[in-house]
Amino acid sequence: MTTIAIVGAGFSGTLVALHLLRQCPPGTRIVLIERNHQFGLGQAYATGNPNHLLNVPAGRMSAFHQRPDDFLRWLKTLPKNELDGVAPTADSFAPRRLFGAYMRHLLRMEMQRPAPLARLVLVQGDVVGIDRGMHPLTLHLDHGPPIRAELAVLAVGNFPPAPVPIADPSFYDSPLYRPDPWARDAFTGLDPAAPVLLVGTGLTMVDAAVSLLDQGHLGPIYALSRRGLLPRRHVSGTPPPDTAPSYPTDLTALVRCLRREVAVAAETGGDWRPVIDAMRPFTQDVWQAMSLPDRARFLRHLRPWWEVHRHRMPGPVADRIEQARERRQLRIRAGHIRGFRVEDGMIDVIYRPRGVELTATLLVARVINCAGPGADYDRIADPLVRRLLHEGTARPDALRLGLDVTGTCALRLGTGAISRRIFAVGPVTKAAFWEMTAVPDIRRQCELLAQHLAALVRTPASITAPAATRPSVLTDAI
Ligand SMILES: Cc1cc2nc3c(=O)[nH]c(=O)nc-3n(C[C@H](O)[C@H](O)[C@H](O)COP(=O)(O)OP(=O)(O)OC[C@H]3O[C@@H](n4cnc5c(N)ncnc54)[C@H](O)[C@@H]3O)c2cc1C
């Protein structure tokens with residue numbers, strides 16, 4: 001029997017498992033391992049807050065590239081009282097928790113399907129190491145017996161944001177600092193009238209601001225980032241003008257091309273959004289064709305601009321953010337954090353406003369890091385990551401966007417060699433593909449990776465029989 005182990009059962013890991021179940025030959029065993037008790041949710045869809053909305057319209061959130069309306073169809077089967085007041089239409093923005101429920105529904109259906117080709121085993125545990133010295137691979141868990149597998153897929157998702165570098169980092173040990181905006185305690189125990197600082201002004205900050213408003217926070221909410229750029233709002237628009245028959249792969253020429261398209265759109269009464277959206281099917285190709293210096297230049301100078309135009313806020317969320325700004329509760333600041341000073345249970349945030357030489361101060365009761373996922377693997381404290389890097393099983397990519405992987409998602413080892421047995425999927429592969437954040441991109445990647453792995457399983461020379469293992473099988477996890 002051949003075993004494929006998948007580490008992480010968020011959207012990426014769950015979807016790879018679903019595809020493998022259909023594509024692998026009979027006798028293949030898929031072991032899906034998740035450190036949390038609930039499978040199929042991951043970080044993005046575990047939120048119970050009905051005001052945390054998807055930022056992609058329901059009509060584009062299917063888990064399956066080939067069946068684009070699958071999520072929408074499922075939404076339409078829900079009773080009205082479960083829809084949290086959202087109309088199940090293609091252009092509506094459903095609560096993220098409903099997308100999580102959809103993924104769990106797909107997993108449950110797959111497990112109940114009579115005689116699937118491969119067999120799925122769910123294991124609850126934290127993978128702390130992968131031993132590749134012997135054949136098969138050995139995955140070590142925080143508890144329970146190790147799992148042996150011929151192939152492994154890392155679907156470990158996003159990591160908490162890295163702290164802003166400051167001269168005296170001891171503040172980061174203070175209970176007034178919350179390093180992880182997704183942790184349960186990020187917003188608890190806060191005086192509703194107290195001023196708060198959210199570090200970052202992207203979609204993570206928007207989520208955090210919504211959470212604060214929902215819990216009745218009345219005090220000032222400061223949001224600070226280098227440029228103070230806020231994600232733009234989604235507006236359904238006209239098609240883009242047909243003036244760019246090709247995309248240049250030189251960064252300067254590409255920016256010129258997009259600016260020209262936006263200008264033409266504006267002249268003809270159109271909007272910039274369709275220009276950005278039209279590029280989506282080509283973004284990965286453009287990224288891969290771009291030189292490394294151009295990619296680095298893009299990250300240094302243009303990334304924040306790209307992010308706020310590309311990853312936008314759904315209308316109802318944008319309305320709340322705008323209203324909070326209008327009543328001066330949410331205050332966006334552009335600047336560079338220089339340090340924090342704690343006195344009498346309050347924090348002086350010392351920062352240099354953008355374009356100003358002198359420093360300024362904000363007095364707040366809590367600092368929550370909402371700076372977006374940490375992607376520099378050299379700075380990620382996760383035990384599995386540390387061990388993979390230490391043992392040379394993986395290496396960070398040159399631009400510090402994630403793990404170094406090939407075009408077929410195989411890990412590059414510390415030596416640069418290409419692993420034949422360990423693969424990665426989802427946001428951790430951003431360095432190779434750039435656009436690997438949202439469901440429409442990840443779903444295609446999962447499908448292609450499953451095809452590739454199924455083909456490996458069918459090649460007996462590359463796979464040998466594993467030793468028998470008895471992982472704890474969870475039947476009540478979904
Ligand atoms: C807050 C947020 C909102 C988003 N909203 C949207 C949206 O509206 N539309 C859209 O298209 N995209 C959205 N995205 C992007 C995208 O859908 C997600 O990033 C995607 O779900 C990534 O899935 P993943 O499985 O790779 O990672 P994750 O969802 O992070 O899942 C990784 C899983 O791996 C587990 N894990 C990690 N390490 C281990 C280990 N060592 N052992 C065992 N288990 C482990 C974790 O517990 C977790 O469950 C959002 C992302 C975030 C963060």
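Scroll up for the structure.
Keep in mind it's a predicted model, so treat the numbers as computed, not measured.

Peer 1: Tell me about the site of the ligand, and name the residues and values.
Peer 2: Around the ligand there are 34 residues in total, and S12, E34, Y45, N55 and V439 lie nearest to it. Contacts to the ligand include Q43, whose backbone N or O atom sits 3.2 Å from an oxygen atom. Protein chains bury 93% of the 980 Å² of accessible surface belonging to the ligand in isolation. Taken together, the elements giving at least two residues each to the shell around the ligand come down to α1 (11-23), β2 (28-34), α2 (42-45) and α12 (439-457). A per-element tally of the shell around the ligand places α2 first, with four residues. Its residues placed into classes, the shell around the ligand shows 18 nonpolar, 11 polar and five charged.

Peer 1: Before we move on, could you go through the nonpolar core and cite the residues and values that matter?
Peer 2: Within the largest apolar cluster, 85 residues are counted, with the highest numbers of intra-cluster contacts made by I30, F71, F99, L139 and L154. Ranked by the residues each element gives to this core, the list is headed by α12, at nine residues. The contacts of I30, once residues within four sequence positions are left out, are I4, I6, A17, L20, L21, C24, A118, R119, L120 and V121. If you look at the next biggest cluster of nonpolar residues, it comprises 26 residues, including L190, I221, I321 and L330.

Peer 1: Could you give an account of the layout of surface pockets, with specific residues and numbers?
Peer 2: One number sums up the size of the second largest pocket: a volume of about 530 Å³. Along the wall of the second largest pocket there are 19 residues; nearest its centre are V255, L258, I276, W305 and W306. Among the secondary structure elements, those contributing two or more residues to the lining of the second largest pocket are α6 (251-267), α7 (273-289) and α8 (292-310). It is α6 that contributes the most residues to the lining of the second largest pocket, six residues altogether. Each residue belonging to the lining of the second largest pocket can be placed in one class, and the counts come to 16 nonpolar, two polar and one charged.

Peer 1: So what about the sheet that holds strand β6 (residues 147-149)? Which residues, and what values?
Peer 2: Pairing is antiparallel in the open sheet, where three strands are placed in the order β4-β5-β6. Each end of this open sheet is capped by a strand with a single partner; those strands are β4 (127-131) and β6. Strand after strand, the sheet turns through a mean of 25° between neighbouring axes, direction not considered. Relative to strand β5 (residues 137-141), β4 is paired through four bridges, and the arrangement is antiparallel.

Peer 1: Mind laying out the packing of helix α5 (residues 203-214) against helix α9 (residues 315-326), listing which residues take part and the relevant values?
Peer 2: The geometry of a pair of packed helices is captured by two quantities: the angle between their axes and the separation between those axes. Contact geometry of α5 with α9 gives a least axis separation of 11 Å together with a crossing angle of 70°. It follows that α5 is roughly perpendicular to α9 by the angle criterion. Packed against α5, whose contacting residues are V206, A209, V210, L213 and D214, the element α9 presents V317, R320, I321 and A324 at the interface.

Peer 1: So what about empty space enclosed by the protein? Which residues, and what values?
Peer 2: For the structure on display, the rule yields one cavity of 30 Å³ or more. Reported here for the largest cavity is a volume of approximately 30 Å³.

Peer 1: Mind laying out α5, listing which residues take part and the relevant values?
Peer 2: Look at α5: 16 Å from first C-alpha to last across 12 residues, which is about the 16 Å you get at 1.5 Å a residue. Here α5 lies mainly inside the structure; 10 of its 12 residues are buried. Looking at α5, one finds that the buried residues are T204, M205, V206, D207, A208, A209, V210, S211, L212 and L213. Where α5 is buried, its residues contact α4 (96-112), β9 (196-199), β10 (221-225), α9 and β11 (330-343). Note on α5: the residue one or two positions beyond its end, G216, has a positive phi of about 80°.

Peer 1: Mind laying out the side chain of D348, listing which residues take part and the relevant values?
Peer 2: Among the structural elements, D348 can be located in strand β12 (residues 346-353). Residues contacting D348, with those up to four places away along its chain left out, are G339, F340, R341, T361, L362 and L363.

Conventions and cut-offs
Residues numbered from 1 in each chain as written. Predicted model: local features only at pLDDT ≥ 70, side-chain atom pairs only at ≥ 80, totals over all residues. Heavy atoms only, no water. Near = heavy atom within 4 Å. Polar contact = N/O pair within 3.5 Å; in protein donor to acceptor, adjacent residues only side chain to side chain. Areas by Shrake-Rupley, 256 points an atom, 1.4 Å probe, with all protein chains shown as cover. Helix = DSSP H or I, 4+ residues; strand = E, 2+ residues; numbered from the N terminus. Nonpolar A, V, L, I, M, F, W, Y, C, P; charged D, E, K, R; others polar. Core = buried A, V, L, I, M, F, W, Y, C linked by side-chain atoms within 4.5 Å. Buried < 20%, exposed > 50% of the residue type's maximum accessible area, 1.4 Å probe, protein only. Contact = heavy atoms within 4.5 Å. 1 Å grid on protein atoms, 1.4 Å probe; cavity = no way out; pocket = protein on both sides within 12 Å on 5 of 7 lines; lining within 4 Å. Points joined across faces, edges and corners; volume = space filled by probe spheres on them. Pairing = 2+ DSSP bridges. Axes fitted to C-alpha atoms, helices over the stretch in contact; angles between N-to-C directions. Parallel < 35°, antiparallel > 145°, perpendicular 65-115°, else oblique. Expected span 1.5 Å × (residues − 1).

Nothing here speaks to function; it is all geometry.
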